[in-house]
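The primary structure of each chain is shown beneath.
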Amino acid sequence: MTLVVVLIAYLFVLIVFFLYSLYAVHHLNEYGYSGDASQLALKIYLGYSSIVIMVSLVGIFVGLMSL
Amino acid sequence: MTPRNTTTGQVAELFPGQLEHEEILIFIRRHWMPFMGWLGVTLILLLLPVFSVVILKGIGVNGLVHGRLLVFFSVGVGTHLLLTGAVFLTGWVEHYLAVSIITTDRLVTIRQVGLFNRRVAELSILRVQDVSAQIRGYLQSLLRYGDVRVETAGDVPNFIMRNVPQPHVIAHTILMLHDRLAMENREGQTGGIRLPRKIPMSKPPHDYDHAHFNEDLLTQARETKEHLEREHSDHSSNREVKTESPNRLPPRSQSGSRGEGELIEGKSISLQ
């Protein structure tokens, strides 16, 4: 039961994070300029976030498989 | 390279409400040092999971590599690292989108707080009464950054540019521009009312010279001074405003191009 609650909470975190990132990308696209440092920061941020999400999902998967 | 807004694909505007013939002279970003605070916080947050693993190992918890503990650990660390990323991005946005702009007519300061608050303050250079540059503390003295405080006439609140590089250069430039504008006003050379620009959606609003604003502040200030001196000498020789600058809007054609209902000195308009 605790496991299910934790996984649902993590799903909620991922949804909120996705919405926040979507707004951040839109905001920087609106006020930044193509080819400048804001776009580079966005790429780094999105790359970092993708890696974190992938690794955490792999961890969850491995953990569930070994139960 | 001409900067383009990646949402609309059009040439990007630097700040809203640029006036006709108004030229952007100096573009100031905040000094990088205040951003180091955000970077430090981010680095500490990034290292926390490593410390937590070391501490857990120290107290004898060894089941992190399988089972239920691995799920909890992945969820916890994943959430923590995503929040850290969000903290860094917020700090970056606050740092990068906070700019000050000095034009031939106005001072504009854009302040970004988080993602959801953006404040644009502007002040006519003619309203400037006194300008002071303030450098406080060891770090600011060493790295030469600080605040520029512009005191204004009347009830208008003082105008402050925070954490800008070379504040004394900025203060000097503002005073120079104020003197020049006041002198022009006395000589009656302003050319009448400046109209708010209309931005056609089909073509770029102006040819914004982005490369110029990547130069350091001293170079920008020197180029501004040279540019103003050159323009002043041209002005006194043929009394004609030059408009070749890449940071100035192109002039409207003089004959019959003004639209119906536009504000023109000496002409009455009907308000329906």
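Rules of the game
Residues numbered from 1 in each chain as written. Chains lettered and ligands numbered in written order. Predicted model: local features only at pLDDT ≥ 70, side-chain atom pairs only at ≥ 80, totals over all residues. Heavy atoms only, no water. Helix = DSSP H or I, 4+ residues; strand = E, 2+ residues; numbered from the N terminus. Buried < 20%, exposed > 50% of the residue type's maximum accessible area, 1.4 Å probe, protein only. Contact = heavy atoms within 4.5 Å. Areas by Shrake-Rupley, 256 points an atom, 1.4 Å probe, with all protein chains shown as cover. Pairing = 2+ DSSP bridges. Axes fitted to C-alpha atoms, helices over the stretch in contact; angles between N-to-C directions.

Student: I'd like a rundown of the overall build of chain B, residues and numbers included.
Tutor: Across its full length, chain B carries 6 helices and 7 strands. Scored against the burial criterion, the 272 residues of chain B give a buried share of 41%. Counting contacts in chain B only where the partners sit at least 6 residues apart, residues at least 24 apart contribute 61% of the total. Summed over all atoms, the accessible surface of chain B reaches about 15000 Å², with 57% contributed by carbon and sulfur.

Student: An account of unusual backbone geometry is requested, with residue identities and associated values reported.
Tutor: Residues and elements named next belong to chain B. Here Asn163, not a glycine, exhibits a phi torsion of approximately 55°, which is positive. Relative to the helices and strands, Asn163 is located in strand E7 (residues 159–165). One non-glycine residue, Gln166, adopts positive backbone phi at about 50°. Tracing the backbone through its elements, the reader meets Gln166 in the loop between E7 and helix H4 (167–187).

Student: Pulling in residues and values, what's your account of the sheet that holds strand E4 (residues 117–124) of chain B?
Tutor: Residues and elements named next belong to chain B. The strand order E1-E2-E3-E4 describes an open sheet built from 4 strands, whose pairing is antiparallel. In this open sheet, the two edge strands, each paired with only one partner strand, are strand E1 (24–29) and E4. Between one strand and the next, the sheet's axes are offset by a mean angle of 15°, whatever the strand orientation. Where E1 lies against strand E2 (residues 99–103), 5 bridges are found, and the strand directions are antiparallel. Bridge pairing in E2 places Arg29 opposite Val99. Along the sheet, H4 contacts E1, E2 and strand E3 (106–113); its crossing angle with E2, the most-contacted strand, is approximately 30°.

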